[in-house]
Amino acid sequence: MASQSRIILICSGKGGVGKTTLTANLGLALARLGSSTVVLDADFGLRNLDLLLGLENRIVYTAQEVLAGSCRLEQALVKHKQEPELALLPAGNPRMLEWLKPADMCRIVDLLRRQYDYVLIDCPAGIEDGFKNAAAAAEEAIVITTPEVSAVRDADRVIGLLNTQQVSPVQLVLNRVRPTMMASQDMLSVSDVTDILALPLLGLVLEDEKVIVSTNRGEPLTLNGSRSPAATAFLNIARRLGGEAIPLMDPADADQGLRARLSRLMSKKLF
């Protein structure tokens, strides 16, 4: 693939906010839209991207063997069984953290960008060496957070580091949005988060129990065209990345939709 490849770091300040879930679903969504996409698991200490994609039993080689020269890149890449435009480059042994340097990540990414339209880097949470290694190879970034004070504070620290490394653009995905809690001011609002972090909003993902089910099955929501709220959000994020002008959801509208649905259900029970 030509030099027009996009190298996107997907990162968060806090663990458990949905970073790897976003990487898996966004990778599949981009592939479904026709873009050749590779997801690079750079979370060497806690690798999970293979599990979320249902590819854990197909791994033979990893990024570690590629860097060591004991296999070719093509041998380490794991093609997705159902989506031919998507591939995974798995993380190696956690001991890689002891010797991996930013230059090593850049070498891997340089190899991948020759073949793919998108290289998505699943970055370790936090701001330690694993983050710094992954960020060194990135050209742009997506920061994902939930509307919680601690998660937003940690995301702000990550954004500061991305700015010092001149990664641009940096965009925001707000995950596990609960419109009713936002309406009752029991959760930070969208404007609260965007005012604090000062990033353009790439997407909002509603709290959706189907995400948990899909994660446990190793079948991302965007794989089979699910119409769940989260699946729709992931697909819209992919389309916005590709330049489409997709309007952002208003949580207040989603809340009204939930209330209307509940009202219809109650009416059916009463009559």
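Structure's up top.
Thresholds applied
- Residues numbered from 1 in each chain as written.
- Predicted model: local features only at pLDDT ≥ 70, side-chain atom pairs only at ≥ 80, totals over all residues.
- Heavy atoms only, no water.
- Axes fitted to C-alpha atoms, helices over the stretch in contact; angles between N-to-C directions.
- Helix = DSSP H or I, 4+ residues; strand = E, 2+ residues; numbered from the N terminus.
- Left-handed = near helix turned anticlockwise from the far one by under 90°.
- Contact = heavy atoms within 4.5 Å.
- Buried < 20%, exposed > 50% of the residue type's maximum accessible area, 1.4 Å probe, protein only.
- Pairing = 2+ DSSP bridges.
- Core = buried A, V, L, I, M, F, W, Y, C linked by side-chain atoms within 4.5 Å.

*Asks:* Hey, could you run me through the packing of helix H1 (residues 19–32) against helix H12 (residues 229–241) in this one?
*Replies:* Each pair of packed helices can be described by the angle between their axes along with the distance between the axes. Look at H1 against H12: their axes get within 9 Å of each other, and the N-to-C directions meet at 65 degrees. Considering the relative orientation of H1 and H12, their crossing is right-handed. On H12, the residues touching Thr 21, Leu 22, Asn 25, Leu 26, Ala 29 and Leu 30 of H1 are Phe 234, Leu 235, Ile 237, Ala 238 and Leu 241.

*Asks:* Honestly, the pairing of strand E4 (residues 86–89) in this entry has me stumped. Any pointers?
*Replies:* On any regular strand, side chains alternate: one points to one face of the sheet, the next to the other face. Burial of the side chains of E4 extends over both faces: Leu 86 and Leu 88 are buried on one face and Ala 87 and Leu 89 on the other. Here 4 bridges tie strand E2 (residues 37–41) to E4, and the two strands are oriented parallel to one another. By the bridge assignment for E4, Val 39 is matched with Leu 88. Summarising the sheet, strand E3 (residues 78–79) and E4 pair through 2 bridges and their orientation is antiparallel. Following the sheet pairing, Lys 79 is matched in E4 by Ala 87.

*Asks:* So what exactly am I meant to see when it comes to unusual backbone geometry here?
*Replies:* Here the bond from Ser 168 into Pro 169 is cis, since omega is 0 degrees, no more than 30 degrees from zero. The topology assignment puts Pro 169 in the loop between helix H8 (149–164) and strand E7 (170–177). A positive phi is found at Gln 166, a non-glycine position, where the angle reads about 60 degrees. Along the polypeptide, Gln 166 turns up in the loop between H8 and E7. Judged by its relative accessible area of 72%, Gln 166 is exposed.

*Asks:* Quick question: what am I supposed to make of the sheet that holds strand E8 (residues 201–206) here?
*Replies:* Paired through their backbone hydrogen bonds, the strands of a sheet run either parallel or antiparallel. Here 8 strands make up an open sheet; going across it, the order is E3-E4-E2-E5-E1-E6-E7-E8 and the pairing mixed. At either margin of the open sheet sits one strand with a lone partner, and together these are E3 and E8. Strands in contact with helix H6 (residues 102–113) are strand E1 (6–11), E2, E4 and strand E5 (118–122); relative to E2, the strand with the most contacts, it is inclined by about 165 degrees. On the sheet, H12 packs against E1, E5, strand E6 (140–145), E7 and E8 and is oriented at approximately 170 degrees with respect to E8.

*Asks:* Explain the nonpolar core to me, please; I cannot follow it from the model alone.
*Replies:* Generally speaking, a soluble globular protein has its nonpolar side chains buried in company with each other. Grouped together as the largest cluster of nonpolar side chains are 54 residues, with contacts concentrated most on Leu 9, Leu 89, Met 105, Leu 112, Ile 121 and Leu 162. Per element, the largest residue contribution to this core is 5 residues, and it comes from H8. Excluding residues within four positions of it along the chain, Leu 9 makes contact with Ile 121, Cys 123, Phe 131, Ala 134, Ala 135, Ala 138, Glu 140, Ala 141, Ile 142 and Leu 162. Core analysis: the next-biggest nonpolar cluster, separate from the first, contains 37 residues, Val 17, Leu 55, Val 78 and Val 205 among them.

*Asks:* Looking at this structure, I do not really get the environment of Leu 223. What am I missing?
*Replies:* Here Leu 223 lies in the loop between helix H11 (209–217) and H12. Sequence separation of Leu 223 and Ala 24 is 199 residues, and the distance between their C-alpha atoms is 9.5 Å. Beyond its immediate chain neighbours, meaning those up to four positions away, Leu 223 contacts Leu 28, Arg 32, His 80 and Gln 82.

Keep in mind these values describe shape, not function.
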